[in-house]
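Observations on chain architecture
Listed below, chain by chain, are the residues.
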Amino acid sequence: MATTTATITLASSDIADNAISISNTATLTKAGSTTGLDQTSGLRRRTFTSMSTVKLIDLDHYQDQTLTENAAAKVYIKNTGTSTAEHVAVGIQNGAGALEEIGWLYGGDWMFFPYSAVWDSAAHANNQDIDVTPSSTDSVTLEWMVIYE
Amino acid sequence: MATTTATITLASTDLLSDSLSLSSTTTLYDAGTTTGLTQYDSGRVEIPGDNNIYILLDSTAAALDKGNRVYVANKNTDEGHYVDMLIDEAVLGRLYAGDWMFIPWSQADAAANLEVRAPNEANTVEYAIFHEGRTFTGA
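Residues numbered from 1 in each chain as written. Chains lettered and ligands numbered in written order. Predicted model: local features only at pLDDT ≥ 70, side-chain atom pairs only at ≥ 80, totals over all residues.

**Topic: the overall build of chain A**
Of the regular secondary structure elements, chain A holds 0 helices and 11 strands. For chain A, the N- to C-terminal ordering of α and β elements is β-β-β-β-β-β-β-β-β-β-β. Overall, chain A is about 50 × 45 × 25 Å in size when its C-alpha atoms are taken along their principal axes. Counting across all 149 residues of chain A, residues that qualify as buried make up 39%. Restricting the contact set of chain A to residue pairs at least 6 apart, pairs at least 24 apart contribute 73%. (Helix = DSSP H or I, 4+ residues; strand = E, 2+ residues; numbered from the N terminus. Buried ≥ 20, exposed ≤ 12 C-beta atoms within 10 Å, placed from the backbone. Contact = placed C-beta atoms within 7 Å.)

**Looking at the sheet that holds strand 7 (residues 87–93) of chain A**
All names here are of chain A. Strand order across the open sheet formed by 4 strands is 5-10-7-8, with antiparallel pairing between neighbours. Looking at strand neighbours, the two that pair on one side only are strand 5 (54–57) and strand 8 (99–106), the edges of this open sheet. Taking each pair of neighbouring strands and ignoring which way they run, the sheet shows an average axis angle of 35°. By the bridge criterion, 3 bridges tie strand 5 to strand 10 (residues 130–134) in an arrangement that is antiparallel. Paired with Ile-57 across the strands is Ile-130, a residue of strand 10. (Pairing = 2+ DSSP bridges. Axes fitted to C-alpha atoms, helices over the stretch in contact; angles between N-to-C directions.)

**Structural notes on the sheet that holds strand 6 (residues 82–87) of chain B**
Residues and elements named next belong to chain B. Taken together, the 4 strands give an open sheet; going across it, the order is 4-9-6-7, and neighbouring strands pair in antiparallel fashion. Looking at the sheet topology across the chains shown, the edges are occupied by strand 4 (53–57) and strand 7 (90–96). If you compare each strand with its neighbour and ignore which way they point, the axes differ by 35° on average. Looking at chain direction, strand 6 and strand 7 are connected through 6 bridges and run antiparallel. From the neighbouring strand, Ile-87 faces strand 7, where its bridge partner is Ala-90.

**Some words on the interface of chain B and chain A**
Counting residues at the interface gives 50 residues for chain B, matched by 51 residues for chain A. Only strand 1 (4–12), strand 2 (20–27), strand 5 (69–74), strand 6, strand 7 and strand 8 (100–104) of chain B provide two or more residues apiece to the side of chain B that touches chain A. The element best represented in the side of chain B that touches chain A is strand 1 of chain B, accounting for 9 residues. Looking at the side of chain B that touches chain A residue by residue, the classes come out as 29 nonpolar, 16 polar and 5 charged. With 9 bridges joining them, strand 1 (residues 4–12) of chain A and strand 1 of chain B adopt antiparallel strand pairing. Bridge pairing in strand 1 of chain B links Ile8(A) to Ile8(B). (Nonpolar A, V, L, I, M, F, W, Y, C, P; charged D, E, K, R; others polar.)

Remember, this is a structural readout, not a statement about activity or role.
Next up, the structure:
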């Protein structure tokens, strides 16, 4: 089994009267076990130059395999740009087939979250695909990785 | 303005044939600016294990389409325990014991609450939201 850790540090010396420092390390394990996640997309990279909504993580065509749904998959996404004015909206398709916006990644921003990866049909109707929508036509590059079982 | 940073490090020596060591740091700004976020809320709560969806953080008018960032950690230790994390009842994923998440949360509309559901056992969750402001409820 593999051992993969994800560590976060949130720090500020001036957002409040006293400094804030939150640090946490998670060992990424399979659902309900202590066995480490052992599959990954690897770090991937894609550049966008339009404001169209694009499937970043397409469960119908995910590396010709199916993620184990409702397990312990994790997703990392980073906007590698430097613009603090333009963002990329990240959303997830909900069970009704509509896109639910999660949040906006500005240049340099990253996100890391658990992913249920529910695949419902090849028609995409209710799949939990991850979609992204740039806020401008300026070139923007995302990097992302899925770690799963 | 304040300066708040968020750093992630992903590391493994055996997930791939070569070592994985990824690190990224971002500074938390107000949406579309280089002004640092100046407000935060944090807490530690126990989510009942009754399979009901509860609002962990409420989407408020003052925070719609803003640069909010959210950190959530599941502080349980039994590897079988988890909470579902949702936005407006759309499931993101399962946050197992010991796991954490960090996301931008744009609060696209008033219903885009950050929600949590513990299907089986009570789970203790810690959270922090860094934001530009929120709408207060009158007394």
